[in-house]
Amino acid sequence: MPEGVTKQAGIVQTLWNGSWIAALATGVVVWGLILWACIFHRKKKNAPDQLPPQVRYNLPIEILYTVIPVIMVAVFFYFTARDETEITRITQSAPIKVAVEGYQWSWRFSTEYQGEKVVTAGVPVDLSKQSLQTPQGPQLVLPVNTQVQFELHSDDVIHSFWVPAFLFKQDVFPGNVRNHFQITTLDRTGVFFGRCAELCGTDHSKMLFSVKLVPQAEFDQYIKSQAGSAQ
Ligand SMILES: [Cu+2]
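Residues numbered from 1 in each chain as written. Predicted model: local features only at pLDDT ≥ 70, side-chain atom pairs only at ≥ 80, totals over all residues.

K.L.:
Describe the sheet that holds strand β4 (residues 139–143), listing the residues and the values that go with them.
P.N.:
If you walk across this open sheet you meet the five strands as β4-β10-β9-β6-β7, and the pairing is mixed. Edge positions in the sheet fall to β4 and β7 (168–172), since each has one partner strand and no second. Pairs of neighbouring strands in the sheet enclose a mean axial angle of 25°, with direction left out of account. Of the strand pairs in this sheet, strand β9 (residues 190–196) and strand β10 (residues 208–214) are connected by six bridges, and their pairing is antiparallel. (Pairing = 2+ DSSP bridges. Helix = DSSP H or I, 4+ residues; strand = E, 2+ residues; numbered from the N terminus. Axes fitted to C-alpha atoms, helices over the stretch in contact; angles between N-to-C directions.)

K.L.:
Can you explain the environment of Gln 133? Please cite residues and give values.
P.N.:
Assignment of secondary structure puts Gln 133 in the loop between β3 (116–121) and β4. Taking the C-alpha atoms as reference points, Gln 133 and Val 144, 11 residues apart in sequence, are found 21 Å from one another.

K.L.:
Explain the sheet that holds strand β5 (residues 147–154) to me, and be specific about the residues and the numbers.
P.N.:
Ordered in space as β3-β2-β1-β5-β8, the five strands form an open sheet in which the pairing is mixed. Across the chains shown, the open sheet's two edge strands, defined by having one partner strand only, are β3 and β8 (179–184). Ignoring which end each strand starts from, the neighbouring axes of this sheet average 20° apart. In the sheet, strand β1 (residues 96–103) pairs with strand β2 (residues 106–113) via eight bridges, with the strands oriented antiparallel. Within β2, the position partnered with Glu 101 by the bridge is Arg 108.

Spelled out as structure tokens, the structure:
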């Protein structure tokens, strides 16, 4: 997993780790029971027709088979619902609002901050130049230690806005449906790759972009230098 750069990514990572630990514990019990049955209930050489004790219609065991999975599902459900509620929570206080527009085959980011609006739009990128060092496509600049609210909209077909370092993606719909989510960036600068995660047509793979997290002062500078770009 990439190291998360948002507070929400931490929640996703913890849920992911917990789910795997729980699944592994369940797996160990199941594999153990299978192995035990394979080893201790092999066909006996001296009594080939002898079956092991049959436990059909054994009420306590039937109840156990039912109650334990229900408890397991309830535990998974509780943690998933709790974390999902937290991850998709929107507040009105986010100082930065980003309108994301997906289109065949790139992205347009309109960043609103303190009355200023900055727009970055990209053209389809050249995949032959794709490398892990140089980001391609439009770049969304955001400050660290801040809340950022995203509003997603598509001009044509369904896309999906995915920044792996957020450990989060959300579908981008055309029409009147607008998906929202919000992040709280951590104190970590850098350039993080993003891509479309919903097969949307021929040049889907060219819908690359990046998110650059910078210190607040550098962000203010950036907004000042880009002021008027919305026109
Ligand atoms: Cu796409």
